[in-house]
Amino acid sequence: MELERIRIENYRGKDFDLCPRKRNLFLGANGAGKTSLCDAIRFGITGLASEDVRNTAVWILYKNGMDTERVRGRTNTFKVNGKRVTEEALNLAVADTAGLPVPRSEKPEEKGKRKRIDPLESVKITSSSEVL
């Protein structure tokens, strides 16, 4: 999965707008936002963020032309190609773009019971602060 452009608004008080390449190096003093940038990208792709992250938006344009947006605020909104969708639909679109296998929604013994599908639950995005 290749990312073409990422716009981040108010993620822990930081705004970013970047066009990532194959390798990216972020340098800066403590508190400059390096880890926040990585966390915001993870939120944009997977929806995972700590509970203290509020009133933020992450928009991602993928190389295949698909764009997604996650907004966490008073109401959470999710969009794929500018159209509002459910969080599950956004996660499935990202998983499809990444070529991830999508779990089956129903097993024979679970017929009729709605079970949430999250194909991104095993996706990991790490920064050097998490590795070292």
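The structure under discussion appears in the preceding block.
One structure accompanies this document, and this report is about it. Everything numeric in this text was worked out from a predicted model, so none of it was measured.

Some remarks on the overall build of the chain
And step 1. A count of helical and extended segments in the chain gives three helices and six strands.
And step 2. Across the 132 residues of the chain, 33% fall into the buried class.
And step 3. Look at the contacts in the chain between residues 6 or more apart in sequence, and 45% of them connect residues 24 or more apart.

A look at the packing of aromatic side chains
And step 1. By the definition in use, this model includes one aromatic pair.
And step 2. Ring geometry for Tyr11 versus Phe43: centroids 6.4 Å apart, planes at 40 degrees, classification tilted. Separated by 32 residues along the polypeptide, Tyr11 in strand E1 (residues 3-11) and Phe43 in helix H1 (residues 34-46) bring together distant segments of the chain. With respect to class, Tyr11 is no different from Phe43; both count as buried.
And step 3. Against the face of Trp59 rests Arg7, its NZ or CZ located 4.1 Å from the ring centre.

Some thoughts on the pattern of salt bridges
And step 1. Counted under the stated rule, the structure contains six salt bridges.
And step 2. Between Arg5 and Asp17 there is a salt bridge, with its nearest N and O atoms 2.7 Å apart. You can see Arg5 sitting in strand E1 and its partner Asp17 sitting in strand E2 (residues 14-18), a full 12 residues away along the chain.
And step 3. Since its relative accessible area comes to 28%, Arg5 is described here as partly exposed.
And step 4. In this structure, Asp52 engages Arg12 in a salt bridge whose closest nitrogen and oxygen atoms are separated by 3.9 Å.

Considerations on the pairing of E2
And step 1. The sheet contact formed by E1 and E2 spans four bridges and is antiparallel. Across the sheet, the residue bridging to Ile6 is Leu18, located in E2.

A word on the sheet that holds strand E4 (residues 67-72)
And step 1. Spatial strand order, E2-E1-E3-E4-E5-E6: six strands in an open sheet with antiparallel pairing. Two strands in the sheet have a free side with no partner beyond their single neighbour: E2 and strand E6 (83-84).
And step 2. H1 contacts E1, E2, strand E3 (56-62) and E4 of the sheet and is inclined by roughly 110 degrees relative to E1.

What counts as what
Residues numbered from 1 in each chain as written. Predicted model: local features only at pLDDT ≥ 70, side-chain atom pairs only at ≥ 80, totals over all residues. Heavy atoms only, no water. Helix = DSSP H or I, 4+ residues; strand = E, 2+ residues; numbered from the N terminus. Buried < 20%, exposed > 50% of the residue type's maximum accessible area, 1.4 Å probe, protein only. Contact = heavy atoms within 4.5 Å. Phe/Tyr/Trp six-rings, centres within 6.5 Å; stacked < 30°, edge-to-face > 60°. Lys NZ or Arg CZ within 6 Å of the ring centre and 35° of its normal. Salt bridge = Lys/Arg side-chain N within 4 Å of Asp/Glu carboxyl O. Pairing = 2+ DSSP bridges. Axes fitted to C-alpha atoms, helices over the stretch in contact; angles between N-to-C directions.

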